[in-house]
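Structural overview for review
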Amino acid sequence: MKIINSDKIIENLIKKIKKNKYKKKLLIISQINKGPVLAYKKAILKRCEEFEIDVVDKLFSNDQNHIDIIEYCNKLSNIDGFIILQPLDSNTDLKYLRNNMPFNDLDGFTYESLGEIMDKDFSHMPQTARSVIKFIEYMNIDLRGKDVIVANSNNVIGKPLFMYLNSKKATVTMFNSKSENQIEKVKNADIFISAIGIANYYDKKYFKDGQILIDVGTSYIDGVLYGDIDYESISSLNIDLVSSKKGVASITTLSLIESLLYKNS
Ligand SMILES: Nc1nc(=O)c2c([nH]1)NC[C@@H]1CN(c3ccc(C(=O)N[C@@H](CCC(=O)O)C(=O)O)cc3)C=[N+]21
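Residues numbered from 1 in each chain as written. Predicted model: local features only at pLDDT ≥ 70, side-chain atom pairs only at ≥ 80, totals over all residues. Heavy atoms only, no water.

The chain is annotated in an unreviewed UniProt entry as methenyltetrahydrofolate cyclohydrolase from Anaerococcus faecalis.

What follows is the structure, given as structure tokens:
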């Protein structure tokens, strides 16, 4: 098992970010202030401080909703990009927000961005999917003709990655929670990308020599980070692995900032 870590990707992203000469302002919208949302916000704020990027960190309360959010946004000026940290409160209408957010979309949120992705324009790709692509590019993987399985079917990982991989002429299978015969299917794949969020779910019986595995899962149990794949059980296989540690999650924040600085519309 060979572990591919993010060190070099991070180094290159930081170099690129430091080259930027223009002052930029990021809008972060959230409605809950704990768990993974808070963890991500703190990671973003820390990097923004490091790179002297202005931030509007706006936390809405649970009795506010999409109308309050859009009203607030329409009064703001000089925003260069936004991210809405999910989930929002269930009373906040995502559809309304996807139709009405007035700023540059950095995390594949708006219907316009989602529509572009369907049309092979990946400039507003969600950052988690973008970070998976950064690893694929870093590993120099030729996707043409490859059998790729994506174990995730949501709007920020599975569906955008499906469109991207398809555009690169891979043969893509997207799993969902009802997918059957997974062992047989995963075993026959060239590349397996997992984001199910169940610790150590995929073990040795799913894999074989020569495969490339990208584990996007991050489950915390008693403060310890686990991926979807049981690394210990596959350690003797000849596999290239992007593990959950020093993996996809470790570059999403920098990728977000890269998009803020270099993708203006
Ligand atoms: N619209 C939206 N997009 C998201 O991508 C999104 C979201 N909402 N809601 C919450 C979850 C959670 N999530 C995290 C990502 C990185 C760290 C994190 O800690 N990153 C560290 C590094 C961690 C490591 O080194 O592995 C960093 O970037 O410096 C935490 C949490 C994103 N999410």
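Having seen the model, we can carry on.
**Looking at the pattern of salt bridges**
In the structure shown here, the tally under the stated rule is 10 salt bridges. Between glutamate 11 and lysine 8 there is a salt bridge, and its shortest N-O distance comes to 3.3 Å. Of this pair, glutamate 11 and lysine 8 are both found in helix 1 (residues 7–19), three residues apart, which corresponds to roughly one turn of the helix. Overall, glutamate 11 belongs to the partly exposed group, its relative accessible area being 38%. With a closest N to O distance of 2.9 Å, arginine 144 and aspartate 142 form a salt bridge. Here arginine 144 falls in the exposed class, since its relative accessible area comes to 59%. (Salt bridge = Lys/Arg side-chain N within 4 Å of Asp/Glu carboxyl O. Helix = DSSP H or I, 4+ residues; strand = E, 2+ residues; numbered from the N terminus. Buried < 20%, exposed > 50% of the residue type's maximum accessible area, 1.4 Å probe, protein only.)

**Observations concerning the packing of helix 1 against helix 9 (residues 249–262)**
Across the interface, helix 1 lies against helix 9 with an axial gap of 10 Å and an inter-helix angle of 25°. If you check the angle between helix 1 and helix 9, you find them roughly parallel. In the packing of helix 1 onto helix 9, the handedness of the crossing is left-handed. From helix 1, Ile9, Ile10, Leu13, Ile14, Lys16, Ile17 and Lys19 reach across to helix 9, where they touch Ser250, Ile251, Leu254, Ser255, Ile257, Glu258, Leu261 and Tyr262. (Axes fitted to C-alpha atoms, helices over the stretch in contact; angles between N-to-C directions. Parallel < 35°, antiparallel > 145°, perpendicular 65-115°, else oblique. Left-handed = near helix turned anticlockwise from the far one by under 90°. Contact = heavy atoms within 4.5 Å.)

**Overview of unusual backbone geometry**
In this chain, glutamine 86 is followed by proline 87 through a cis amide linkage whose omega measures 5°. One can find proline 87 in the loop between strand 4 (81–84) and helix 4 (94–100). Unusually for a residue other than glycine, lysine 169 sits at a positive phi of about 70°. Assignment of secondary structure puts lysine 169 in the loop between helix 7 (158–167) and strand 6 (171–175). Exposure remark for lysine 169: the relative accessible area of 56% places this residue in the exposed category. The backbone phi angle of aspartate 222 is positive, close to 50°, even though this residue is not glycine. Relative to the elements of secondary structure, aspartate 222 occurs in the loop between strand 9 (219–221) and strand 10 (224–226).

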